[in-house]
Amino acid sequence: MHYKRTFIGIEAPEELNQTVHYALSESGVGDRTLADLGISVPIGQPLTYTAHQGRARLRTLVAKCYGLDAVDILVTTVAPRRYCGSAAAEHQTDQSHSTPNPTDSMIIEEQLRKVADLARNHSCYLLVDETFAELMSPNRLPCAASLGSHVIWVSSMSKAYGVPSIRVGWISSKNKLLHEAFLVAKEQTSITVGVLDEYVAECILERREELLQPVRLEMKSRRDLVDAWVQEEDMVEWVRPEAMSIALIRMTREPPGGATSFYSRLLKEQATYVGPGHWFELPETCFRLGYGWPAMEDLKKGLAAISRALRG
């Protein structure tokens, strides 16, 4: 496969040669440490390969969390959508993809089931990325992989748990041929996930709800803050997200000098960064606002900086 760098990769904050004080482009929640997660990595753990499908303990934990069977879980490096392209091509099928990034919009169960039925009726695979779904309430939608052997489900630890550096995700399908194709793709790329990464993921998933509940409450508080800013700032609007950690903001009118000048002022004069519309093939008058990652005080200062940059 031929990979080409995307704007979101080229222009990621960590790739810029600029000082960013208020990073409001990140899509996940704030980064955690092993200390605040209460995790101690055993110093006697051999730094070896893990089982190619993932450690049995981790696969069992993932399956238990989502009402699946461990045999259907393949542990991967984050949410492995690239595996699906090669597998879909091999099996001569189409694929659909659903994700809330950058809008944080969500569908209801009835809609999800209708989409799954539509895909089945047209002999298509349905790919559902549920990486952000952990930030929903415990009464979340049914796991997509349970809706049929034509549905592929991917997710990861990156967004809701604040541990993007451990690079752990998973892919699941009831279709055994697909599962085998995904395993082949994994063995031809990474072979296994790091043993320490999988260990940390296991420790987190064992305390899943304990860790997620305060995060969900924090995200609601932050949405309330952003909502209050949007109501007061007449140059922007949004559709308030129901959950998650990101939102799509739209400018109600062109800022002085146009949107390009706005982004330049925001970064160079305000040391603040958001995800511009071209990252998502949207107009530049739209941008992704990541309200879950920065410290609360930095979020407040970043919103104020956006207001100043909008006015020139």
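What you are looking at is a predicted structure, and each value in this text was computed from that prediction instead of being measured.

How do you make sense of the sheet that holds strand 10 (residues 275–276) when you look at a structure like this?
Pairing between sheet strands relies on hydrogen bonds along the backbone, with the strands arranged either parallel or antiparallel. Reading across the sheet, the four strands line up as 7-8-11-10 and stay open at both edges, with antiparallel pairing between neighbours. For this open sheet the edge positions go to strand 7 (236–238) and strand 10, each flanked by a neighbour on one side alone. Both strand 8 (residues 246–251) and strand 11 (residues 286–290) contribute to a ladder of five bridges, which runs antiparallel. Pairing of Ile 246 across the sheet is with Gly 290, part of strand 11.

Please clarify how helix 3 (residues 56–66) should be interpreted in this entry.
Counting along an α-helix, one turn takes 3.6 residues, and residues three or four places apart therefore face a common direction. Within the span of helix 3, buried status applies to Leu 58, Arg 59, Leu 61, Val 62, Ala 63 and Tyr 66. Structurally, helix 3 contributes buried residues whose contacts are with strand 2 (73–76), strand 5 (151–156), strand 6 (169–172), helix 7 (195–205) and helix 8 (208–232). Trailing helix 3 by a residue or two, Gly 67 shows a phi angle of about 70 degrees, which is positive.

Would you mind showing me how to read the pairing of strand 4 (residues 125–129) here?
Here is the key point about a regular strand: its side chains alternate between the two faces of the sheet. Strand 4 sits mainly inside the fold: five of its five residues count as buried. Here strand 4 shows two buried faces, one formed by Tyr 125, Leu 127 and Asp 129 and the other by Leu 126 and Val 128. When strand 4 meets strand 5, the two strands line up parallel, connected through four bridges. The residue bridging Val 128 from the neighbouring strand is Trp 153, located in strand 5.

I would appreciate a short explanation of unusual backbone geometry in the present structure.
Excluding glycine, residues mostly carry a negative phi; peptide bonds, for their part, are mostly trans. Here Ser 123, not a glycine, exhibits a phi torsion of approximately 55 degrees, which is positive. By the secondary structure assignment, Ser 123 is in the loop between helix 5 (109–121) and strand 4. By relative accessible area, Ser 123 is classed as exposed at 59%.

Where do I start with the environment of Thr 285 in this structure?
With respect to the helices, strands and loops of the structure, Thr 285 is situated in the loop between strand 10 and strand 11. We classify Thr 285 as buried; its relative accessible area is 19%. Sequence separation between Thr 285 and Gly 44 is 241 residues; the distance between their C-alpha atoms is 53 Å. Setting aside anything within four residues of it in sequence, one finds Thr 285 in contact with Ile 249, Arg 250, Met 251, Glu 254 and Ala 259.

So what exactly am I meant to see when it comes to the packing of aromatic side chains here?
Aromatic rings in a pair are described by how distant their centres are and how their planes are angled relative to each other. For the coordinates displayed, the defined rule picks out seven aromatic pairs. Geometrically, the ring pair formed by Trp 153 and Trp 170 is tilted, given 6.5 Å between the ring centres and 50 degrees between the ring planes. Of this pair, Trp 153 sits in strand 5 while Trp 170 sits in strand 6, and the two are 17 residues apart along the sequence. With respect to class, Trp 153 is no different from Trp 170; both count as buried. Here a set of aromatic residues connected by ring pairs shows up, and it is made of Tyr 66, Trp 153 and Trp 170.

Is there a simple way to explain the environment of Asp 31 in this structure?
Considering the arrangement of structural elements, one finds Asp 31 in the loop between strand 1 (22–23) and helix 2 (34–37). Along the sequence, Asp 31 and Pro 164 sit 133 residues apart, while their C-alpha atoms lie 7.7 Å from each other. With residues up to four places along the chain from it excluded, the contact list for Asp 31 reads Gly 162, Pro 164 and Trp 293. Within the local environment of Asp 31, its side chain forms a polar contact with the side chain of Trp 293, the two groups lying 3.2 Å apart.

Cut-offs applied
- Residues numbered from 1 in each chain as written.
- Predicted model: local features only at pLDDT ≥ 70, side-chain atom pairs only at ≥ 80, totals over all residues.
- Heavy atoms only, no water.
- Pairing = 2+ DSSP bridges.
- Helix = DSSP H or I, 4+ residues; strand = E, 2+ residues; numbered from the N terminus.
- Buried < 20%, exposed > 50% of the residue type's maximum accessible area, 1.4 Å probe, protein only.
- Contact = heavy atoms within 4.5 Å.
- Phe/Tyr/Trp six-rings, centres within 6.5 Å; stacked < 30°, edge-to-face > 60°.
- Polar contact = N/O pair within 3.5 Å; in protein donor to acceptor, adjacent residues only side chain to side chain.

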